Amino acid sequence: MTLKQTIKQLPDSAGIYQYFDTNGHLLYIGKAKNLQKRVKSYFSFTPELKAKSNLSLRITKMINQTASMNYIVVNSEHDALILENSLIKQLNPKYNILLRDDKTYPYIYIDNSQRYPRFEITRKIIDSSDIKYFGPYSVASRDILDSVYELCKLVQKKGCLKSKKLCLYHQIDKCLGPCELPISDARYEQELDLAHELIQNKKLLIKKLQEKMSFYAENLRFEEAGELRDRIERITRSEIKSEIDFATNENYDIFVLQNSETRAVVVRIFMRDGKIISSTHDFIQLNEGYDEDELYQRVLLAFYSKEKPPIIAPILVASQFENLEIIQEHLSSVFEKKATIKVPKQGNKKQLIDLAILNAKELLKKDKQSVDTKILDELKDLLCLERIPKRVEVFDNSHMSGVATVGAMIVYENGEFDKKSYRTYHLEAKDEYAQMRETLTRRVESFSKNSPPDLWIIDGGATLLKLASEIVDSAGVFIDIIAISKEKVDAKAHRAKGKANDIIHTKDDIFKLKNSDKRLQWTQNLRDEAHRSAISFHKKTKLKLDKESKLLSLHGISEAKVKKLLNHFGTFEALKTLTIEEIGSVLNIKDAKVIKNIYV
């Protein structure tokens, strides 16, 4: 069926639609209350099928590349919104904007049902009407809490009251000692009042910390003074400064967007009880132009995606955006109460929006993209990549004669290694090809939780590159993929640092760059980090296996039998769950009983 025929046969139901290019690569995912009306709004049908003349340059370019489409019918526009957002995160289409930041932000809370309550941190709602929340905090929640316990004589640890005995905290004058001493509720309440004030008034908190820091410095306690100095710095940058004075104790969540040609920035400000308590921002790479309507939807869905927040506040945005009502309806279902999204035109609320916009513009001015931006632009052109590779995942495997077989994925984003996103895998496959297939397949299966990057780099040659392409194609995802293989010198791999003329493979080409070429060095640097990660994890795994092998050998199970077991069952962890009969199918029943007794 041609694209024109598909469009003409679309139902007038709610659903999502997907556009594909001539190579079957996914270009765009959209949602619609009425699929037929929405999709037809993009196309002119006479004299031939083409993009309508009133579309933006970005959408016109997309429609001109569209060769086919699919659609999925759902029950409602709300269901379409949820499905669209989920698929965009998993498949990362070329013309959709992907916002990777969907992390939850911490809150400080206190349980007033306790006689001597204390403050703690949470990211979820705690089922109790006696809980009071403060937040959310983009950064420094732990610093604020540590500072409260530094300055207030509260019960310092959860288990303190259970001990019924005075501890070190009382001796150093950081706790009143209600575990053993008859501290009145009124006296403890004084400390709680101070703690509440410090949490809600950062100027006072910082002033108190500075006094404490000076005290430590005067008494030559420089390490403690240094810790407080660093803490003050983190707390100071956790919020945008404002002179706006709200007469009432109002709560607001403020979201604004600004953009340059290649980047957008989202600024979030959280006002609680009439005071700005924290702010945060994220930069977003614009691969195919800017769409404010879509980005507002992505930002709000990402921030409130997890679950009902502990504090529900009216939402302020800088401008109206398409589908505002459906986003508001969705958030109402998340909040379990009516959500409000407003575009203030005057007054203090408009001043909040203007403040956020001012800070967003300033962030874009200061946005010094990483030093390798020029290299990435050149790599995109050289290797004919679809996107500038801002977020890159690199894969390598490691083993020793088929033992302790592991895979590793490292992540590089905005000019630095993102070590929190590194992943390692225990593998069952025995040959290099199957090992890479297992590693990449497991990564693809996690796209629903952790969105695809802009680029994959595979440690290997054309064969592994073809494998990687087949895996992502079968998942319906488009990712730029390259591979880097080692130069052969006298039929042996040459890895001399700074001198290796490694080969870069793309789907259509092979590049043999000089070892002085910055583009090759950038790629080698990432490959070497993946290799280091894989080797490091292999060594840890091998050490653990050696310990297990020694344990079995002490009970008369030979090294050859251990290897036979691992070749058949894969890991010692799997071995521990087997029955005597299952182990006996590889070894004899006598040995199986010995092994089972060891792991009982």
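This text follows the structure it describes.
Residues numbered from 1 in each chain as written. Predicted model: local features only at pLDDT ≥ 70, side-chain atom pairs only at ≥ 80, totals over all residues. Heavy atoms only, no water.

Colleague: For this particular structure, what's the right way to read the overall build of the protein?
Modeller: Across its full length, the protein carries 21 helices and 23 strands. Among the 600 residues that make up the protein, the fraction classed as buried is 50%. At a minimum sequence separation of 6, the contacts of the protein that also span at least 24 residues come to 62%. Carbon and sulfur atoms make up 49% of the accessible area of the protein, which amounts to about 30,300 Å² in all. Side-chain charges of the protein comprise 97 positive and 85 negative groups, with the mean position of each set lying 2 Å from the other. (Helix = DSSP H or I, 4+ residues; strand = E, 2+ residues; numbered from the N terminus. Buried < 20%, exposed > 50% of the residue type's maximum accessible area, 1.4 Å probe, protein only. Contact = heavy atoms within 4.5 Å. Areas by Shrake-Rupley, 256 points an atom, 1.4 Å probe, with all protein chains shown as cover. Lys, Arg positive; Asp, Glu negative; His and termini not counted. Charge placed at Lys NZ, Arg CZ, Asp CG, Glu CD.)

Colleague: Help me out: how do you make sense of the packing of helix 5 (residues 141-151) against helix 9 (residues 202-218) in this one?
Modeller: At a closest axis distance of 11 Å, the pairing of helix 5 and helix 9 adopts a crossing angle of 60 degrees. Taken as axis vectors, helix 5 and helix 9 run oblique relative to one another. Helix-helix and strand crossings are classified by hand; for helix 5 and helix 9 the assignment is left-handed. Between helix 5 and helix 9, the residues in contact are Ile144, Ser147, Glu150 and Leu151 and Lys202, Leu205, Lys208, Leu209, Lys212 and Tyr216, respectively. (Axes fitted to C-alpha atoms, helices over the stretch in contact; angles between N-to-C directions. Parallel < 35°, antiparallel > 145°, perpendicular 65-115°, else oblique. Left-handed = near helix turned anticlockwise from the far one by under 90°.)

Colleague: Any chance you could explain the packing of aromatic side chains here in plain terms?
Modeller: Aromatic rings in a pair are described by how distant their centres are and how their planes are angled relative to each other. Within this structure, the stated rule accounts for 23 aromatic pairs. When the centroid spacing of 6.1 Å and the interplanar angle of 90 degrees are considered together, the rings of tyrosine 19 and phenylalanine 43 count as edge-to-face. Of this pair, tyrosine 19 sits in strand 1 (residues 15-20) while phenylalanine 43 is found in strand 3 (residues 43-44), placing the two residues 24 residues apart along the sequence. When sorted by exposure, tyrosine 19 lands in the same class as phenylalanine 43, which is buried. Here the aromatic rings of tyrosine 105 and phenylalanine 270 are separated by 6.2 Å at their centres, their planes lie at 55 degrees, and the arrangement is tilted. Here tyrosine 105, found in the loop between helix 4 (77-91) and strand 6 (107-111), pairs with phenylalanine 270, found in strand 10 (residues 263-272); they are 165 residues apart in sequence, far enough to count as distant. For phenylalanine 270, a relative accessible area of 0% puts it in the buried group. Among the aromatic residues, those joined into a ring-pair cluster are Tyr105, Phe255, Phe270, Phe303, Tyr304 and Phe335. (Phe/Tyr/Trp six-rings, centres within 6.5 Å; stacked < 30°, edge-to-face > 60°.)

Colleague: Just checking my understanding: could you explain the pairing of strand 2 (residues 26-32) for this structure?
Modeller: The side chains of a regular strand alternate, residue by residue, between the two faces of the sheet. Burial within strand 2 is extensive, with seven of its seven residues counted as buried. Summarising the sheet, strand 1 and strand 2 pair through six bridges and their orientation is antiparallel. Note on strand 2: the bridge partner recorded for phenylalanine 20 is leucine 26. If you look at the hairpin formed by strand 1 and strand 2, you'll find five residues sitting between the two strands, and glycine 24 has a positive phi there, around 80 degrees. (Pairing = 2+ DSSP bridges.)

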